[in-house]
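Each chain is listed here by its residues.
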Amino acid sequence: MHNIRFIRKNSELFIKKIKTRNVDLDYKIISNLDEINRKLITDKENLERDKKEISKKKDKTLFEKSKEISIEIENLTKKQSEIQNELNKILSNLPNLPHEDVPIGKDENSNKVVNTVGSIRNFDFKVKSHFELGEKLNMLDFDLATKTTGSRFVFIKNQLAMLERAISNFMIDLHTKHNGYVEVSPPLIASSDSMYGTGQLPKFENDQFELKLDDSNERKFLIPTAEVILTNMVKNQMLSINDLPIRLVASTPCFRKEAGSYGKDTKGMIRQHQFHKVELVSIVTPEKCLEELERMTNCASMVLDKLKLPYRKIILSTGDMGFSAEKTYDLEVWLPSENKYREISSCSSCGTFQSNRMKTRYKGKSNEILNPGTLNGSGLAVGRTLIAIMENYQNSDGSIEIPEVLKPYMNNLDKISVN
RNA sequence: GGAGAGAUGGCUGAGCGGUUGAAAGCACCGGUCUUGAAAACCGGCAAAGGGGCAACUCUUUCCUGGGUUCGAAUCCCAGUCUCUCCGCCA
């Protein structure tokens, strides 16, 4: 959530920047609420001081007066917290401000390609989509998932299931052994304040799968990405500067409700309610954010390099970035059947936006209290990597070659073909 | 599911109705000493919010929410979480 004092002091900059995020902001409402709020706080505090003094004097003749003050304080407190809530509600629904070097634009059409890597293979036969390949192999079964669960789920079977596991293991090994991330196997369920901390709540409640655990009023959600649970590991915490940077990696299933509602990518496993993703999270000192974002994006693209999959790196425009991000790179992998690049990773710096919400702080060199920067990125989406491998490594007979680096993870299997 | 114990500053841990924002220790920061470091000694050190250009000042906060009281970390009620023992269980 944005700091109201920052907004007050930099109102022009704030208004200008928030506009680039497709937000229709009425600044007057905010400044009005802020002013009323502060007035109420001052009034309340004055009364509290009076009351305190009476209590210190222990003068019985003033006790009656003190009681009266208490009632007044109660009234003011109630009013003040109502105003505060109203203000917070507005503020907590405002997205992060974009970094200066983010292209300004309405939507994905303003995204900019940074670079393109790898060469697109020339097929001398008609390429099949991953779902055609998978169903022919009898290793992807969408109908079965519909029977047991519903639409937008899939069964992956046999060697393709092993390939999915191999992809995940390969990526985790790369990030832990080579890139300095610490592996975590986290809970897949997050509390509502964790969801608030990373920015899924309150605005994107409808995209989440909510669970009913018990009779308590506490709300729990299936994680839409491991970012939520990994980043919130430092929630409500005072870190030491010596703890930073923290780099974490986890391979988890992710659950998203929104996937079904768009009516796009209805075929195949591009957009599912449940998918595996290897997630990278970094907690760093705020001035290191952009540097860390480059590093993280390199860690993600390294996976594509090693898998020899053609891809491009793009920088998202202000209109296409996620709620909590200040700067985002997407990696898009080439999908032959669609004849275009599709998102396979998204790496974002969130600056201090999330640490503010999570109340994560650290003590700097001379004990000053600061918010750390948080970053998250997919390294990579496992399901989509599986798709990319199937399509880019397919043969004319419908078999699929195993990328060299994955063979050790596949019992040295060379090729997946019909049994 | 049954029976107990607990929740206090970055950490450990005292306090159990009135100068307690909170003893003590550790950690951290500054200094003295030292060729340098360690040790020792001296000093500093909670956060959030309001007002002020600032020095500074005020308010709140001892798990959360209610209650008692002129006054609550301290008493009462409800809730949450943690720990120990028993039962059950992957």
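It should be emphasised that the depicted structure is a prediction, and the values quoted were computed from it without experimental measurement.

*Asks:* I'd like a description of the domain arrangement of chain A, backed by residues and values.
*Replies:* In terms of domains, chain A is made up of domain 1 (4-92) and domain 2 (108-416). Computed from C-alpha coordinates alone, the two centres of domain 1 and domain 2 are separated by 41 Å. For the pair domain 1 and domain 2, the summed buried surface comes to about 510 Å²; carbon and sulfur atoms form 35% of the total. The largest per-residue losses of area from domain 1 upon contact with domain 2 belong to Thr-20, Arg-21 and Ser-92, which jointly make up 89% of the total buried on that side. Remark: the boundary between domain 1 and domain 2 carries zero salt bridges. Here domain 1 is connected to domain 2 by six residue pairs in polar contact (both at pLDDT 80 or more). Classifying every residue of the side of domain 1 that touches domain 2 gives no nonpolar, three polar and one charged.

*Asks:* Explain the packing of helix α7 (residues 158-178) against helix α12 (residues 382-392) to me, and be specific about the residues and the numbers.
*Replies:* At a minimum axis separation of 10 Å, α7 and α12 run at an interaxial angle of 115°. The chirality of how α7 crosses α12 is right-handed. Contact residues: Leu-160, Leu-163, Glu-164, Ile-167, Ser-168 and Met-171 in α7; Val-382, Thr-385, Leu-386, Ile-389 and Met-390 in α12. Partitioning the contact of α7 with α12 into residue classes produces eight nonpolar, two polar and one charged.

*Asks:* Account for the pattern of salt bridges, with residues named and values stated.
*Replies:* If you walk through the whole model with that rule in mind, you get 18 salt bridges. Asp-34 is paired through a salt bridge with Arg-38; the nearest N and O atoms lie 3.0 Å apart. With Asp-34 and Arg-38 both in helix α3 (residues 27-57) and four residues apart, this pair spans about one turn of that helix. Through salt bridges with shared partners, a single ionic network connects Asp-265, Arg-271, Glu-338 and Arg-342.

*Asks:* Lay out the sheet that holds strand β14 (residues 361-363) in plain terms, naming residues and giving numbers.
*Replies:* Spatially, three strands are ordered β8-β14-β15 in an open sheet, and the strand pairing comes out mixed. The open sheet has two edge strands with one neighbour each: β8 (238-240) and β15 (369-370). Pairing between β14 and β15: two bridges, direction antiparallel. Bridge pairing links Lys-363 to Ile-369 in β15.

*Asks:* With reference to specific residues and values, describe a nonpolar patch on the surface.
*Replies:* Together, Leu-188, Ile-189 and Leu-213 make up a nonpolar patch on the protein surface, roughly 230 Å² of accessible area in all. Residue placement: Leu-188 occurs in the loop between β4 (182-183) and β5 (189-191). The exposure class of Leu-188 is partly exposed, given its relative accessible area of 31%.

*Asks:* Summarise the sheet that holds β5; cite the residues concerned and give the values.
*Replies:* Read across the open sheet, the three strands follow the order β5-β7-β6; overall the sheet is antiparallel. Strand pairing shows two members of the sheet lacking a second neighbour, β5 and β6 (210-211), which therefore form its edges. Pairing between β5 and strand β7 (residues 220-222): three bridges, direction antiparallel. Along β7, the bridge assignment pairs Ala-190 with Phe-221.

*Asks:* How would you sum up the environment of Lys-407? Please name residues and give values.
*Replies:* Turning to its location among the elements, Lys-407 is positioned in the loop between β17 (400-401) and β18 (415-416). Judged by its relative accessible area of 16%, Lys-407 is buried. Taking C-alpha positions, Lys-407 is 8.5 Å from Ala-166, a pair spaced 241 residues apart along the chain.

*Asks:* Which residues make up the protein's contact with RNA strand B, and what are the values?
*Replies:* If you check the shell around RNA strand B, you find 21 residues, and the closest are Arg-38, Thr-42, Glu-48, Ser-66 and Lys-67. Within 4 Å of the protein, the contacting atoms of RNA strand B are 78% sugar and phosphate, with bases supplying the remainder. Here Glu-48 contributes a side-chain N or O atom positioned 2.6 Å from a sugar or linking oxygen of RNA strand B. Side-chain polar atom of Arg-361 to a sugar or linking oxygen of RNA strand B: 3.5 Å apart, as the coordinates give it. Elements with a contribution of two residues or more to the surface near RNA strand B: α1 (4-9), α3 and α4 (63-92). Considering every element that reaches the surface near RNA strand B, the biggest residue donor is α3, with nine residues. A breakdown of the residues in the surface near RNA strand B according to their chemical character gives four nonpolar, four polar and 13 charged.

*Asks:* So what's going on with the environment of Ala-300? Residues and values would help.
*Replies:* In this structure, Ala-300 sits in helix α10 (residues 289-307). Given a relative accessible area of 0%, Ala-300 falls into the buried group. Distance from Ala-300 to Thr-148, taken between C-alpha atoms, is 34 Å for residues 152 residues apart in sequence. In contact with Ala-300, other than residues within four places in its own chain, are His-175, Leu-331, Ser-345, Cys-347, Ser-378, Gly-379 and Leu-380.

*Asks:* Tell me about the packing of α3 against α4, and please be specific about residues and values.
*Replies:* Close contact between α3 and α4 brings their axes to 9 Å; oriented N to C, the two are set at 155°. As summarised for this structure, α3 and α4 are arranged roughly antiparallel, according to the angle between their axes. The interaxial crossing formed by α3 with α4 has left-handed handedness. Tallied by class, residues from the contact of α3 with α4 come to 16 nonpolar, six polar and 10 charged.

Definitions and limits used
Residues numbered from 1 in each chain as written. Chains lettered and ligands numbered in written order. Predicted model: local features only at pLDDT ≥ 70, side-chain atom pairs only at ≥ 80, totals over all residues. Heavy atoms only, no water. Domains from an automatic or database assignment. Buried area = accessible area lost by both parts, 1.4 Å probe. Salt bridge = Lys/Arg side-chain N within 4 Å of Asp/Glu carboxyl O. Polar contact = N/O pair within 3.5 Å; in protein donor to acceptor, adjacent residues only side chain to side chain. Nonpolar A, V, L, I, M, F, W, Y, C, P; charged D, E, K, R; others polar. Axes fitted to C-alpha atoms, helices over the stretch in contact; angles between N-to-C directions. Helix = DSSP H or I, 4+ residues; strand = E, 2+ residues; numbered from the N terminus. Left-handed = near helix turned anticlockwise from the far one by under 90°. Contact = heavy atoms within 4.5 Å. Pairing = 2+ DSSP bridges. Patch = residues over 30% accessible without salt bridge, like charges linked within 9 Å, V, L, I, M, F, W, Y side chains within 5 Å. Areas by Shrake-Rupley, 256 points an atom, 1.4 Å probe, with all protein chains shown as cover. Buried < 20%, exposed > 50% of the residue type's maximum accessible area, 1.4 Å probe, protein only. Near = heavy atom within 4 Å. Parallel < 35°, antiparallel > 145°, perpendicular 65-115°, else oblique.

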